[in-house]
Every structure is written in structure tokens, then in C-alpha cells.
2 protein chains.
Amino acid sequence: MIQSRNLIGLLIILTAFLACQPTENIKTEAFVKSPNEDIAVCFGVDELGKPYYSVTYKKGTVIDTSYFGFEFKNQPPMDDEFKIIGVQERALDQSWDMVWGEQKTVRNQFREIEVNLQEESETQRKLTVIFRAYDDGVGFRYQFPEQKGVDSLIIMDEHTDFNLTGDHMTWWIPGDWDSYEWLYSTSRFSEIDALERAKRNKDIASIYIPENAVNTPVTMRTDSGLHISFHEAALVDYAGMTLKVDKENQKFTSELVGSERLGYKVKRKLPFDTPWRTIQISEKAGDLIESKLILNLNEPNKLGNIPWFKPMKYVGIWWEMHLGISTWDIEATQDMSTFTKDKATSSKHGATTENAKRYIDFASKNNIEGILVEGWNTGWSHWIGFDDREGVFDFVTPYPDYDIEEVVKYGKEHGVELIMHHETSAAPRTYDQQMDTAYALMQKLGIHSVKSGYVGPIIPKGEYHHGQWMVNHYNNAVIKAADYQVAVNAHEPIKATGLRRTYPNMIAREGLRGQEFNAWASDGGNPPEHLPTVAFTRMLAGPIDFTPGIFNIKLEPYKKGNQVNTTLAQQLALYVVIYSPIQMAADLPESYEGQPAFQFIRDVAVDWDRTEVLNGEVGDFVTIARKAKGSNDWYLGSISDENERDIKIEFSFLDEGKTYEAIIYKDGEDAHWNDNPESIVISNMDVTNTSSETFHLAPGGGLAISIKPKQ
Amino acid sequence: MIQSRNLIGLLIILTAFLACQPTENIKTEAFVKSPNEDIAVCFGVDELGKPYYSVTYKKGTVIDTSYFGFEFKNQPPMDDEFKIIGVQERALDQSWDMVWGEQKTVRNQFREIEVNLQEESETQRKLTVIFRAYDDGVGFRYQFPEQKGVDSLIIMDEHTDFNLTGDHMTWWIPGDWDSYEWLYSTSRFSEIDALERAKRNKDIASIYIPENAVNTPVTMRTDSGLHISFHEAALVDYAGMTLKVDKENQKFTSELVGSERLGYKVKRKLPFDTPWRTIQISEKAGDLIESKLILNLNEPNKLGNIPWFKPMKYVGIWWEMHLGISTWDIEATQDMSTFTKDKATSSKHGATTENAKRYIDFASKNNIEGILVEGWNTGWSHWIGFDDREGVFDFVTPYPDYDIEEVVKYGKEHGVELIMHHETSAAPRTYDQQMDTAYALMQKLGIHSVKSGYVGPIIPKGEYHHGQWMVNHYNNAVIKAADYQVAVNAHEPIKATGLRRTYPNMIAREGLRGQEFNAWASDGGNPPEHLPTVAFTRMLAGPIDFTPGIFNIKLEPYKKGNQVNTTLAQQLALYVVIYSPIQMAADLPESYEGQPAFQFIRDVAVDWDRTEVLNGEVGDFVTIARKAKGSNDWYLGSISDENERDIKIEFSFLDEGKTYEAIIYKDGEDAHWNDNPESIVISNMDVTNTSSETFHLAPGGGLAISIKPKQ
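Predicted model only: the values in this text are computed from it and were never measured. (Residues numbered from 1 in each chain as written. Chains lettered and ligands numbered in written order. Predicted model: local features only at pLDDT ≥ 70, side-chain atom pairs only at ≥ 80, totals over all residues. Heavy atoms only, no water.)

Here the focus is the interface of chain A and chain B. The interface of chain A with chain B comprises 21 residues on the first partner and 21 residues on the second. Where chain A abuts chain B, roughly 1,800 Å² becomes buried across the two surfaces, and 43% of that area is made up of carbon and sulfur atoms. The largest contributions to the chain A side of the interface with chain B come from Lys365(A), Pro596(A) and Asn684(A), which together make up 27% of the buried area. Between chain A and chain B we count zero salt bridges in total. For the side of chain A that touches chain B, the elements supplying multiple residues, two or more each, are helix H6 (353-365), helix H14 (598-603), strand E32 (660-667) and strand E33 (680-687) of chain A. Of the residues forming the side of chain A that touches chain B, the biggest block, five residues, is contributed by E33(A). Class assignment for the residues of the side of chain A that touches chain B results in seven nonpolar, eight polar and six charged. The pairing of E33(A) with strand E34 (residues 680-687) of chain B spans three bridges and is antiparallel. Bridge pairing in E34(B) links Ile682(A) to Ile682(B). (Contact = heavy atoms within 4.5 Å. Buried area = accessible area lost by both parts, 1.4 Å probe. Salt bridge = Lys/Arg side-chain N within 4 Å of Asp/Glu carboxyl O. Helix = DSSP H or I, 4+ residues; strand = E, 2+ residues; numbered from the N terminus. Nonpolar A, V, L, I, M, F, W, Y, C, P; charged D, E, K, R; others polar. Pairing = 2+ DSSP bridges.)

Turning our attention to the sheet that holds strand E30 (residues 634-640) of chain A. The twelve strands lie next to each other as E28(A)-E29(A)-E30(A)-E35(A)-E32(A)-E33(A)-E34(B)-E33(B)-E36(B)-E31(B)-E30(B)-E29(B), forming an open sheet whose pairing is antiparallel. On the outer flanks of this sheet lie strand E28 (608-617) of chain A together with strand E29 (608-617) of chain B, each paired with one strand and no other. Taken pair by pair, the neighbouring strands of this sheet meet at an average axis angle of 15°, ignoring direction. Judged from the six bridges that link them, strand E31 (residues 634-640) of chain B and strand E36 (residues 702-709) of chain B form a sheet pairing that is antiparallel. Its bridge partner lying in E36(B), Trp634(B) is registered against Ile707(B). Contacting E28, strand E29 (621-628), E30, E32, E33 and strand E35 (702-709) of chain A, helix H12 (residues 568-577) of chain A runs over the sheet at an angle of about 125° to E30(A). (Axes fitted to C-alpha atoms, helices over the stretch in contact; angles between N-to-C directions.)

One full turn of an α-helix is made of 3.6 residues, so residues set three or four places apart face in the same direction. Here helix H12 (residues 568-577) of chain B lies mainly inside the structure; ten of its ten residues are buried. Along H12(B), the residues classified as buried are Leu568(B), Ala569(B), Gln570(B), Gln571(B), Leu572(B), Ala573(B), Leu574(B), Tyr575(B), Val576(B) and Val577(B). (Buried < 20%, exposed > 50% of the residue type's maximum accessible area, 1.4 Å probe, protein only.)

Now for the environment of His466(A). All names here are of chain A. In this fold, His466 is placed in the loop between strand E24 (449-453) and helix H9 (468-483). Other than its neighbours up to four places away in sequence, His466 contacts Asp176, Trp177, Asp178, Ser179, Tyr180, Asn215, Ala239, Gly240, Val257, Val471, Pro493 and Ile494. One polar contact links His466 to Tyr180, side chain to side chain, over a distance of 3.4 Å. (Polar contact = N/O pair within 3.5 Å; in protein donor to acceptor, adjacent residues only side chain to side chain.)

Turning our attention to the UniProt feature "domain: Glycosyl-hydrolase 97 C-terminal oligomerisation" (unreviewed entry) in chain A. Cross-referencing UniProt, the feature "domain: Glycosyl-hydrolase 97 C-terminal oligomerisation" (unreviewed entry) maps to residues 607-708 of chain A in the present numbering. Across residues 607-708 of chain A, helical content stands at 0% and strand content at 59%; the span's end C-alpha atoms are separated by 16 Å. (UniProt positions renumbered as here; feature names shortened; annotations may be inferred.)

So, about the domain arrangement of chain A. Residues and elements named next belong to chain A. Domain annotation of chain A identifies domain 1 (30-297) and domain 2 (522-543 + 559-592 + 599-710). Each of domain 1 and domain 2 has a C-alpha centre, and the two are 33 Å apart. The interface of domain 1 with domain 2 comprises 26 residues on the first partner and 34 residues on the second. Here domain 1 and domain 2 share one salt bridge between them. Note that Arg221 and Glu617 form a salt bridge whose closest N and O atoms lie 3.6 Å from each other. Counting every contact that joins domain 1 to domain 2 gives ten residue pairs in polar contact (both at pLDDT 80 or more). Contributing elements (two or more residues each) for the side of domain 1 that touches domain 2: strand E14 (218-221), strand E15 (227-233) and helix H2 (285-290). Tallying contributions element by element places H2 first for the side of domain 1 that touches domain 2, with five residues. A class-by-class count of the residues in the side of domain 1 that touches domain 2 yields twelve nonpolar, eight polar and six charged. (Domains from an automatic or database assignment.)

Applying the stated criterion across every chain yields a total of 91 aromatic pairs over all chains. Plain terms: the ring middles of Phe70(B) and Tyr142(B) are 5.0 Å apart, the flat faces sit at 90° to each other, and that makes the pair edge-to-face. In this pair, Phe70(B) sits in strand E5 (residues 60-72) while Tyr142(B) sits in strand E10 (residues 137-144), placing the two residues 72 residues apart along the sequence. By relative accessible area, which is 0% here, Tyr142(B) ends up buried. Their ring planes at 85° and their centres at 6.1 Å tell us that Phe140(B) and Tyr142(B) sit as a pair that is edge-to-face. Taken as a pair, Phe140(B) and Tyr142(B) share a single burial class, namely buried. Between the NZ or CZ atom of Arg501(A) and the centre of the ring of Trp96(A), over which it lies, the distance is 4.1 Å. A cation over an aromatic ring shows up here: Arg132(B) above the ring of Phe110(B), its NZ or CZ 4.1 Å from the ring centre. (Phe/Tyr/Trp six-rings, centres within 6.5 Å; stacked < 30°, edge-to-face > 60°. Lys NZ or Arg CZ within 6 Å of the ring centre and 35° of its normal.)

So this is what it looks like as C-alpha cells:
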């Protein structure tokens with residue numbers, strides 16, 4: 001039900017303006033409150049006609065008076081001399097079902113105001129801002145309506161301020177235009193120094209950090225304990241937004257990723273909408289994870305059900321390259337050791353028919369339905385480190401030792417579907433040229449998902465992974481893939497902004513510092529706090545192809561001096577904590593042999609009817625319980641940073657009156673991410689919805705529990 | 001190397017006669033000592049010409065002066081008026097390799113005397129007795145040489161005495177001529193009452209216990225802590241021996257199983273040897289298990305290697321019949337509930353092509369190489385409870401819903417070999433008639449093992465499972481099976497007497513109260529002390545097809561009032577403790593789903609290079625470690641009776657200087673065979689050969705450990 005009425009006449013008499021606490025001398029001319037009335041967005045235009053907004057939560061200001069405006073090419077900026085020419089209010093309370101996801105049904109309940117502005121200057125340009133207040137945060141976007149005599153706009157930058165109310169604790173990565181593969185820093189806002197961080201990069205193939213800015217999602221905690229996370233939703237035909245750090249004024253200001261090749265940031269035909277700028281707000285950190293704000297701000301499903309894609313677990317010829325056991329290229333000159341410190345000594349081509357069958361055999365025996373094969377196609381001897389990468393990769397021609405039709409056939413016989421791999425080496429034009437051919441081959445073979453990769457600096461030079469040109473490339477690939485019944489898992493992607501709601505074949509992506517850094521990063525890999533931070537930052541954007549499940553934690557005998565910096569139990573917990581509809585069992589098959597803990601990976605679901613974040617603090621720990629889709633089984637994961645801790649689990653999420661068998665995979669008494677990471681204890685107990693139990697998590701530890709109703 | 005010399009002239013001057021302590025007034029005329037000189041057998045003939053022997057261990061008498069003799073049909077008995085006409089000594093120290101077994105190599109080291117006797121009466125019959133003294137016990141047999149004018153002997157009974165030196169604690173089952181499927185009783189010798197026990201049978205299809213006797217192996221412990229076990233070796237063309245309880249004289253006397261049909265016990269052409277009568281002697285109970293006396297007393301391998309049979313784990317369509325889920329017969333009128341208290345309500349034929357494929361799928365995924373399918377052939381609606389069972393079972397004709405060729409083919413594609421099933425319903429003549437045809441079908445299909453069954457009273461009436469006629473049937477089936485490359489696992493068999501050394505296609509047998517009694521026995525199943533007793537009694541005879549691995553301990557929802565009376569951890573431990581080259585994972589596939597403890601069954605070996613009994617007391621507990629064949633992996637199992645206990649494990653059996661990963665499957669803190677049997681804790685730790693660790697076993701509990709060298 002949509003309620004809409006013109007409020008202009010009513011605004012003056014509303015007493016609830018007390019909810020908005022703008023800076024002195026600034027008047028509020030429109031506002032909207034969340035359905036539970038905890039959150040309010042206030043809007044006004046100051047004496048210079050500068051538009052501003054603020055956001056409150058309960059009695060406190062979350063975003064203080066914040067201005068916004070745009071700079072254009074060949075047009076004056078648009079940031080003052082505005083007047084309000086209309087305000088419309090709208091409310092919605094609907095539910096929609098996820099094709100796959102963290103929960104079956106999402107409630108989309110908000111109140112909205114649409115504020116129509118017009119310049120009082122001679123240009124008389126119009127701008128509309130839509131503010132939506134949800135119980136879990138705020139989203140707003142700009143609408144550029146058709147304008148007389150203006151066909152399109154070239155945006156040189158967008159200046160949306162987020163005026164903070166304190167020097168909040170912030171979990172941030174640099175505002176890199178090319179990569180999100182950074183460790184999160186934890187610092188006060190005033191201590192953010194992305195440029196300093198940038199100097200310490202040694203392991204990312206391409207970075208560009210022009211200013212002291214951060215990428216989103218960026219999550220903060222106020223000293224009063226409120227959690228705020230900034231991001232954007234529905235990033236379509238626009239540049240990605242970074243947030244510039246203005247320490248003097250204690251605010252973030254949007255800074256779009258640009259194109260040095262084109263000399264602007266965004267070019268759009270009128271009319272158009274920008275992506276939503278989002279502010280998730282919650283008292284409990286865990287509520288950020290449960291928030292569906294980003295998804296709700298996206299358009300409904302345009303594809304309908306996609307029966308050709310089912311959430312799945314998968315194995316792959318992948319980790320062995322990172323360990324230096326095998327290579328992507330048939331010439332066997334390159335593996336991740338080649339790119340890092342150690343020259344591989346006994347490397348050989350990984351993607352052979354025989355090796356693929358070995359992984360298929362393993363998958364088939366272990367309730368795993370997918371197999372990724374990297375390095376199967378020609379081009380791999382000419383990627384990282386080469387400038388002339390256009391026209392090198394071929395997405396339909398296998399190496400001679402890899403019979404793709406045989407692998408597909410063998411997989412089908414064993415109930416295991418091949419996952420295609422398209423590494424573009426960040427040469428998207430080459431990929432675009434072959435895309436139809438490549439997807440058509442997949443459709444012919446019955447392959448319904450692809451992992452794409454964009455390693456290295458974008459060709460052409462001057463473009464960046466997060467700019468409008470690449471945003472369009474990534475999105476168009478997904479839309480085209482759908483025509484061929486292909487789902488896309490992009491690595492080195494543009495960040496997730498909830499488009500999976502609209503295109504459910506956008507299944508997962510990387511966009512963070514993943515598991516592979518543990519195999520070779522010069523800084524020793526991802527520290528124990530990495531994933532308890534990721535859960536409250538990167539994960540708010542959408543599904544993560546993190547590739548958990550490394551059992552050979554010390555990477556022996558392959559990688560001396562590197563290791564995974566968690567316990568084995570945490571590797572299990574990640575299947576629940578880090579959400580994705582595709583979850584890799586990333587280690588070598590032989591690492592799982594004889595390991596009773598592998599039962600959790602066999603069992604764990606990948607699609608869910610419910611998700612409950614039981615507890616958590618950003619960067620410290622988090623515990624999530626999820627109910628398997630169409631089942632009464634639950635899976636629970638809990639992870640800790642470098643500190644050990646006791647976690648009390650209340651099983652009240654279970655159905656009343658039922659008894660369940662819980663199989664508990666917890667850290668051994670002497671477990672420690674560094675000293676004894678593989679120490680794990682598996683036990684079982686009966687639980688009901690009145691049970692509660694305290695579990696000890698080791699330093700860098702974890703806890704995984706499968707819970708099934710007893711007969 | 002064999003040393004042999006005539007000792008007659010030397011005997012008188014030997015001072016070592018002190019080792020023999022015969023009854024007063026009785027002289028020792030020959031003796032033999034074990035290689036380590038701890039055990040001595042003394043032989044003499046008394047003033048009436050009655051031959052006798054005695055056995056000492058160190059300074060003590062184990063078997064006091066014991067006489068022996070035979071009764072014949074149409075001939076006077078042979079038990080006195082003997083004189084010694086020759087004594088020969090022989091010694092051997094050889095090693096032989098097991099085709100499969102508890103250890104790679106067996107040392108066969110003994111000293112022997114052969115005593116040639118002749119009657120001084122007018123019959124002048126000759127008899128030879130051979131005594132072998134091993135470090136682990138004594139074996140002796142009778143040789144009937146050719147005699148003038150006598151073609152064959154009809155033995156009415158053999159009277160070999162075993163004169164005990166005290167009222168020893170005894171672990172015994174009744175001297176049943178038809179079945180060994182009894183719970184062991186623990187009592188003083190003087191309190192053995194097999195006939196009283198017999199009255200309480202409610203669950204065995206056929207029993208016959210004519211006297212107060214026991215079956216062998218029967219194990220005793222003297223008050224000074226010495227362990228003695230009586231049995232026989234190389235039971236070929238002879239009747240099985242029971243031991244009659246003579247409480248007045250505190251001795252056992254052999255009583256052969258007879259044939260009421262033929263009116264005698266044994267008929268043999270001359271010359272012939274009897275089986276060996278064996279007395280295993282050890283201070284530590286566990287040494288009885290390590291003893292290879294029974295095997296050493298058998299003839300060397302006559303088949304050579306049998307590459308067509310490999311030790312394996314197997315699943316089967318079997319437990320579901322015992323649970324009343326499905327039936328053997330296609331008419332679905334019978335399952336074990338039919339034979340017991342509850343009428344099955346939802347039964348259906350178990351042996352269908354589809355169901356077999358379901359088990360094959362499960363086996364294939366879990367490192368299990370065999371599948372047994374019972375109830376596949378016509379005849380099953382006419383077995384237990386019917387008298388006219390001749391000509392009923394057909395060993396080549398499948399029921400119409402079971403396509404044996406398709407099952408074999410599907411199994412081969414999945415690396416799982418069918419195990420044939422031949423239930424004879426104790427109508428051996430019917431089986432004999434079809435045997436060549438049946439084995440030829442197996443050979444044609446590439447099936448290399450058969451489980452045979454002999455449920456019910458033997459047809460023809462008057463024959464018993466343990467008599468000479470059936471001994472020959474069982475043995476001939478094995479010899480014939482070898483011609484067709486078939487290995488035999490007989491149920492309701494004659495007891496094992498070490499013939500597997502000679503015919504390594506005699507792979508395992510039942511011959512004890514097995515797992516299935518837990519599903520339906522009217523006395524509530526096998527109590528927790530059953531298997532800690534079996535390990536020191538029945539298991540001394542040879543491999544046991546016990547069919548361990550029940551995970552759904554309470555048999556819910558199938559069997560109210562019955563359950564397995566051990567913890568889940570003990571079910572795992574049995575794969576190590578109860579030796580067999582074939583080990584069933586007996587439960588339903590669905591009972592194993594999601595159970596991390598199943599990893600132990602996936603991993604555990606079934607063929608061994610070494611076996612070490614680490615500790616144990618008869619009927620109380622036992623811990624065994626075994627080293628997997630051709631591997632550096634070890635598996636350890638420990639089981640307890642109804643008492644909880646702490647077991648200290650010294651890992652000194654491991655190689656020096658190596659570090660191993662041990663995965664420990666132990667009882668949960670609250671585990672209890674009745675109150676909480678499925679509570680299990682799995683953990684891992686590094687161990688070396690200097691490690692020692694104490695583990696707690698629950699009441700009815702167990703411990704299983706897999707131990708693999710770390711890379």
C-alpha cells in the first residue's frame with residue numbers, strides 16, 4: 001500500500017520537528033520518520049539556498065546538518081540558491097521473497113519524502129532528493145529530471161556531506177579506485193590516513209588512492225555505542241562513491257571514482273537517478289548484519305526465478321596455485337609463488353582433465369555440487385606484469401591437456417557441475433568482444449555459473465575498476481549472462497550494492513582481501529581480526545566469495561612463513577558467518593581426508609530461511625545462526641579476533657517443544673590461531689529452545705554448530 | 001631349522017624333570033619345554049599303563065596329571081596298558097607371512113615331543129601323541145597310525161582330561177552342539193551350569209545341550225592371576241570338542257559333538273590325526289589375544305596369495321530387516337519382528353535393485369568397498385519355523401525386483417563389490433547340490449565373497465552344526481569356493497580353529513552372539529560386558545563378523561525396548577578391538593549422515609602389519625592398537641564393560657622420532673551406554689612414542705583413535 005499526499009501546507013503545523021535538531025539558525029522544512037519513529041531525516045534549505053539534511057536516532061543526532069551539491073563540466077555547480085517547490089510523502093510496507101539469500105522473506109517497510117528543488121538562479125535547474133527512512137537506516141538519492149535544452153550531464157563530482165557528531169571509532173579501508181583488497185584499519189575518524197596506508201601496499205596488483213578517502217561500506221561506532229555504516233545501493237550507470245575524510249569539519253564528503261581517460265566522473269542522459277546513499281544505524285552491531293536496507297533500496301527481481309542456478313558448495317583447482325603446487329599456465333612459468341617471493345620448484349599445469357576428475361570425485365563423495373577450474377584456457381602466460389593484455393585471454397579455447405567436454409560430462413555423471421572461469425586480466429574490451437561466444441559455449445555445455453576476474457590495472461589506461469565505465473561493464477556482463485542462463489561471481493569487482501535483488505544471477509563476488517592472501521601476502525596474511533571486521537563492513541554490501549575451509553592451516557609443506565591466521569574451528573564457522581550462496585571448500589582434497597571436522601562442510605547449508613545475529617562487536621567477534629532453506633536444520637557460526645573469549649549461546653531461536661541434536665565443532669582447549677590452530681573438539685548434545693550454553697573461543701578461534709531436529 | 005633326535009636313552013639322566021610336578025607315585029617319562037622354558041609338558045604312563053600328561057608354567061602346575069583315551073564302536077576302548085615305544089624331539093623356529101591378518105609375520109617357534117605308544121594287551125594297538133610347547137601355550141594331538149587289519153575307526157568319544165589346579169574363574173558359554181550364540185557367563189568352575197543356562201534360551205533358533213559342558217574357547221583365570229584358555233586347532237574331518245564339567249574331580253573332559261543319525265561321533269580311515277587340543281597360557285590377559293598358537297598349529301597356506309580377495313569394509317541390506325523396516329522375503333511376511341515380539345507394520349522387501357544402489361552410492365562415497373544384499377534370492381518365505389526346508393532356497397534365482405547383474409554392474413562402476421549371500425536354512429544337502437552352480441555364477445559375475453548362513457536345526461535330523469558331518473560340510477564349502485575364487489564368511493558356523501592359515505579364503509565367521517541380538521533379543525540384547533568378554537574368548541579362535549558400527553544406538557523409532565548396550569564411541573572401537581578382515585558398517589546409511597564420528601569408520605584399516613594389546617582384563621576392558629598394512633597409520637580401540645574407567649595409553653608402540661596426528665573419538669563427559677549412549681567427543685592432538693595420555697571410558701564406553709604420521 002502506498003500512501004502519498006502533498007505535505008507542503010501541513011509542514012508548518014507539525015510539532016514533531018523536535019525530532020530534527022539542525023544547527024542553530026537553520027530551519028527544517030521537511031522531514032520523514034522511520035516506521036518505528038526512531039530514525040528521522042530532516043531536510044531544509046538555508047538562507048543561501050543551500051540544501052541540507054540531517055539524521056537523528058531517538059533523541060540524538062547521527063548526521064548533523066550536511067550539505068550536498070554537484071559539479072559539472074560546462075555547467076555551473078549546483079549547490080545553492082535552491083527553493084523547495086514540492087514535497088511528497090510516501091510509505092510502503094511490503095514483503096518480497098529472495099530467490100536465494102540469508103532469509104526467505106524480506107520486509108520492505110519505509111516512509112519516504114520526495115523533495116523537489118529548483119534553483120532560484122537564472123539556470124532554474126531542478127533537482128529532486130528522495131529520503132527513505134527505514135527502521136534500520138536511511139537512504140537517499142538524487143533525481144535529475146529532464147531539463148529544457150539539456151540532453152545529458154557530465155558530472156565532475158558529487159559532494160554529499162556526512163557530517164559526523166563525534167570522532168567515532170571507524171573501521172575503514174583506503175578509498176582505492178582499483179581494489180578493495182585491503183586489511184581494515186581501526187582508528188578514530190580523525191586518525192584515518194589512507195595515503196599513509198597506501199604506501200604500505202606490497203601485494204595488490206593495482207591500486208590508486210588519490211586522496212585521504214575510504215571505500216564503503218565504512219562502519220563507525222559512536223562513543224555512546226551507536227553503530228553507523230555508510231554505503232550506497234543500486235550502483236547503476238554511475239561511478240562508485242568513496243568518502244573523503246574532512247578532519248577539519250569532522251565529516252565525510254562523497255568523492256566519485258573518475259576516469260582520467262575521459263576526464264570526468266559520470267556522464268548520464270537526463271532524466272536519471274543516482275545510486276542511493278545509505279546510512280545504516282543500529283544500537284547493536286549485529287543489527288547491521290541483519291539489516292536489509294541495501295537490498296530494499298534496489299529494484300525488484302527482473303529475472304524471476306532462475307531455476308538453472310542453485311546455491312552450492314564447490315571445490316576447485318585454485319588453492320594449489322596459491323600454494324605453488326601447480327600453475328595457471330600450461331607453460332608452468334607462473335604461479336602465485338612466481339609473483340611473490342619464492343620461485344616455484346615443482347610446479348606443473350593445474351587444469352588438466354585428470355586433475356579436474358580428481359576434484360570431481362572428491363566433490364561427488366562429499367555433498368559438494370560444483371567444481372571451479374582455473375587456468376583451463378589459453379592466455380595465462382601473459383597476464384600479471386604485462387601491459388599488452390588486450391586480446392590475450394581466450395574464453396573458449398582450452399589448453400590441450402584439458403578436455404572441457406570430458407570434464408563437463410564426467411562432472412554430470414557424478415552430480416558435479418563445472419564452474420566456468422573467465423580471467424580478463426582487467427582487459428574488459430577483450431572480454432566484451434568474446435562475451436557472447438563465451439556464454440554461448442557455457443550454455444551449450446550446461447555450465448550455469450562463471451567466476452570472472454579483473455586482476456591488474458584496467459586497460460585502457462586511465463580507467464579504474466570502480467569508475468562508471470567499469471560499473472557498466474560489470475553490470476552489463478551480469479545482464480547478458482542472464483540471457484545465457486549464467487550466474488556471475490566476479491573477482492576484483494565493483495562492490496556489491498544490492499543489485500542481486502534485481503538480478504539474482506549476480507551471485508557473489510570478491511571485493512575484499514580474501515583467503516589467498518594467507519598463502520603469500522608479504523605481511524603474513526589476514527590477521528585474526530580481519531573477518532570479525534569484514535562481517536560488519538564488507539559483508540553489509542552483499543555475498544562474499546571468501547573461499548573458506550582451509551584445514552592445512554600452516555600450509556605445510558608448501559609455504560614456509562605463511563599460514564591462515566585462524567583456528568580450524570573458525571574456518572568451519574565462516575561457512576555460516578560469511579554469507580554467500582556459493583561456498584568453496586577451498587583446501588586440497590587431501591587436506592580434508594581423515595578429518596572428522598569436514599563433516600560440517602559436508603552438511604552446512606548454503607541457502608537460508610532465516611538469519612539471526614546472536615551477538616557481536618565490530619572487529620572483535622560475531623555469532624550468527626541460520627536456518628537452512630526448506631528445512632528445520634540450523635547452522636551456527638561464531639568467530640573471534642586475536643582474543644579468546646566465552647560466548648554464551650541462547651538456543652531460543654529454535655522451535656518450541658522440539659529437541660534437536662547439536663553437533664558442536666569448537667576450538668580445542670589448547671587451540672590458538674598461531675600456536676595450535678588445528679586443535680578442534682567435536683561433540684554432540686541435545687538442545688531445545690530453552691537451552692543455553694557457554695562456549696570458549698580460542699585466540700583467532702571459532703565455533704560451528706549444526707543443529708537438527710531429532711526424530 | 002628342524003632338530004630331531006631320539007631321546008629314549010637320554011631321558012633318565014635329565015635333571016630338568018623338576019619342571020614336571022606330577023601326582024605322587026606317578027613318573028614322568030618324557031617332557032618338552034617351551035623355547036623360553038617357562039612352559040613344560042610332562043608325559044608318562046602309570047602303573048596301569050594309562051597315559052597322562054601335565055603342564056607347568058614357571059614353577060606352578062597349570063594342568064595337573066590328566067589322562068586321555070578313546071572309546072570306539074566294535075572295539076575295546078584305548079586308555080590303558082600302554083607302553084612308550086619311542087619319543088622323538090623336534091624344534092622349529094620359522095616365520096610365515098599372513099595373506100591378511102592381525103600382523104604381517106607370525107613367528108612359529110616351538111619344541112615338540114612325539115610319543116609313540118603301544119598297547120601291551122593283545123590288541124597291541126598303536127597311538128602317537130604329539131606335544132608342542134610354545135611360549136604362549138601348549139598343543140597336542142593324537143595320531144592314529146595304520147593298524148594291521150583295521151581300515152577305519154568309529155570313535156564313540158574322546159576322553160581327554162584337563163585337570164585343573166583350582167576352582168578358577170571361568171568365562172564360558174554352554175556346550176551347545178548347534179550354536180555358539182550365547183552370552184558368556186562368568187563364574188567359578190564349580191558353578192558352571194550349562195543346563196540351567198539352556199533353559200533360559202528364548203532367542204536362538206536351534207540349541208542342543210546334552211550335558212553340563214562348555215564350548216571352546218573357554219577362558220579361565222587362576223587365583224594367582226594366570227590366564228588359561230582351552231580350545232582346539234585344525235578341526236578337520238572330526239567332531240567339534242566340547243568340554244564336560246567334572247566338578248567332583250575339578251577337571252574338564254573332552255566330549256565330542258555327535259550324530260544321532262549315525263550313532264557315533266567320528267568315523268575316520270586310518271591313518272589320521274585328531275585336531276590339536278590347545279591350552280593358551282599367559283600372565284597378562286592381553287597376551288591371549290596376541291597369541292598365535294592356534295594358527296601356528298595349522299598347516300601352511302595351501303592356496304598361496306588370493307589376489308581376488310582383499311580385506312574390506314562393507315555395508316549391507318541387513319540391519320533394516322533386524323529393525324523390522326524391511327523383509328528378506330518378497331512376500332514381505334517375515335522380518336525379525338515376525339520372529340520376535342512385534343509384528344512388522346510397514347515392512348517391504350529389502351533386496352531391491354533400487355535399495356542396493358542406494359547402499360552402493362553410500363559405500364562409494366565413504367571408502368567402503370563391499371555391499372552385502374540379503375534376501376535377494378527365492379526361498380525366504382519358507383525358512384525359520386518350517387521343517388521341510390530341503391530344496392527351498394535357490395542360490396542363483398533372484399527375486400523379480402532384484403536385478404543382480406545390474407547391481408553388480410552399478411557396484412563395479414562405483415568401486416563397490418557385491419558380497420553374495422547364501423542362506424542355507426541349515427539344509428546343507430540342498431546347498432551342496434547347488435554349490436558349484438552358485439559359485440560359478442559368482443565367478444561369472446566377479447563376486448569374490450559369500451556370507452553363508454545355517455539358521456535353524458540341521459537337516460537331516462540328528463545332525464548338529466558342530467558334528468563331524470557339518471565340520472566336513474563347512475570345510476568342503478571353503479575348499480570348493482577357492483576353486484571359484486570365492487572367500488567364505490559363514491554364519492551359524494563351526495567354530496574357527498585356525499584353518500584360515502591353510503585356506504585364507506576362510507575369511508571370517510559369526511559363531512557368537514552378534515550385534516543383531518541387540519535389535520530383538522528378549523533379554524534386552526548384549527550387555528556391556530559381552531564384547532570385553534568376547535575379545536578374550538571367542539576371538540582367540542579367529543576373525544569375527546560381528547557387524548559393528550551402530551550409530552542409532554536406541555534404534556529409534558524402530559525398536560522400542562531394545563537398544564545397543566554400548567556407547568557410540570565403543571561402536572567405533574570395535575573396528576579395532578574385534579578383528580576381522582571384513583568389517584561391516586552395519587547401520588542404515590541415514591544413521592551415518594551428518595555424523596563426524598563416521599570419519600573413523602571411513603578411515604579405519606581392515607588389514608594389519610602389527611597388533612599390540614596394550615591392556616585388558618577378561619570381561620572388563622581391553623585396549624588394542626593395530627598398525628595398518630603397508631602404512632604408518634595406527635588405529636587404537638578400547639572398550640569397557642558396564643563400569644566406567646580411566647585408561648592410560650602409552651604411545652610407545654609408535655616409531656621413534658616421528659610426530660603423529662591422533663584423532664581421538666571418546667565418550668562424552670555424560671556418556672553412558674543406557675542414559676546417553678550417543679554422546680561422543682572428537683578431538684585431535686599430536687603424539688610421539690614418548691606420549692602418554694589418560695582417557696576416560698564411560699560405563700559401556702569406548703575409545704577409538706586414528707594415528708597418522710604428520711608430514
